[in-house]
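Here is what each chain is made of, one letter per residue.
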Amino acid sequence: MVSIDSESYHEKKMKDYLMNIFKECHMECIEMPIEGFEAGNIHAVFKEEAIKEHASIEYDDYVHIEAYKINEDEEVVERFKHACHNLQLTPRLISTHGGSDNNRYVKEGIRGIVVACAMNDCHSVSEYTTIDELEKSALLALHLMID
């Protein structure tokens, strides 16, 4: 059984991972690249191979989140950088591949960014924050609301 948690048509990491596992099990791995896609159509390959072995597969495909891009010169980013500057904070703009409520907002035409602050070792058992970071986060949120 295989569950693929990857962005559609960008399955390269998962494809590479699965190919390594299959090779370790002495299974033949054949990559069937499809022009325009990063890793090919994994579903089609599994379906074809299942048919060869008189087997079947169950496949369910749905989009968990839709990717979006906010450019650094957009108004929402400029407002964030301005707020940070006024509070003598150093913004660090990064791209993530995670999902948030902002995925939905952007899809509906509301341009925004995810402001992650006061989080260290995020989503781990060691996650923590400090009072100073929480105070700065609150001031940043206030500044973004009223400026």
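Right above here is the structure, for reference.
Residues numbered from 1 in each chain as written. Predicted model: local features only at pLDDT ≥ 70, side-chain atom pairs only at ≥ 80, totals over all residues. Heavy atoms only, no water.

(A) Structural detail: the side chain of N120. Within the secondary structure, N120 sits in the loop between α4 (101-107) and α5 (131-146). A distance of 2.9 Å separates the side chain of N120 from the side chain of E133, its partner in a polar contact. (Helix = DSSP H or I, 4+ residues; strand = E, 2+ residues; numbered from the N terminus. Polar contact = N/O pair within 3.5 Å; in protein donor to acceptor, adjacent residues only side chain to side chain.)

(B) Representation of the state of the cysteines within the structure. Tallying each qualifying case throughout the model produces zero disulfides. The closest cysteine sulfur to the non-disulfide-bonded C84 is located on C117, 8.6 Å from its own sulfur. Assessed through its relative accessible area of 2%, C84 is described here as buried. On the accessibility criterion, C117 (32% relative accessible area) is partly exposed. (Disulfide = S-S within 2.5 Å. Buried < 20%, exposed > 50% of the residue type's maximum accessible area, 1.4 Å probe, protein only.)

(C) Representation of the side chain of S137 in the model. For S137, the location among the structural elements is in helix α5. Here S137 is in contact with C117 and A118, once residues within four sequence places are set aside. (Contact = heavy atoms within 4.5 Å.)

(D) Inspection of a nonpolar patch on the surface at higher detail. There is a patch of nonpolar side chains on the surface, built from L139, L142, M145 and I146 and spanning about 460 Å² of accessible area. Checked against the element boundaries, I146 lands in helix α5. (Patch = residues over 30% accessible without salt bridge, like charges linked within 9 Å, V, L, I, M, F, W, Y side chains within 5 Å. Areas by Shrake-Rupley, 256 points an atom, 1.4 Å probe, with all protein chains shown as cover. Salt bridge = Lys/Arg side-chain N within 4 Å of Asp/Glu carboxyl O.)

(E) Layout of the pattern of salt bridges. This structure, assessed with the given rule, holds six salt bridges. With a shortest N-O distance of 3.9 Å, E48 and K52 are connected by a salt bridge. Of the two residues, E48 and K52 are both situated in helix α2 (residues 42-52); the distance of four residues between them amounts to about one turn of the helix. On the accessibility criterion, E48 (34% relative accessible area) is partly exposed. For K52, a relative accessible area of 48% translates into the label partly exposed. Residue E108 pairs with R104 through a salt bridge whose shortest N-O separation is 3.2 Å. The network of salt bridges with shared partners includes E48, E49 and K52.

So, to be careful, I would describe these as geometric facts and stop short of saying anything about function.
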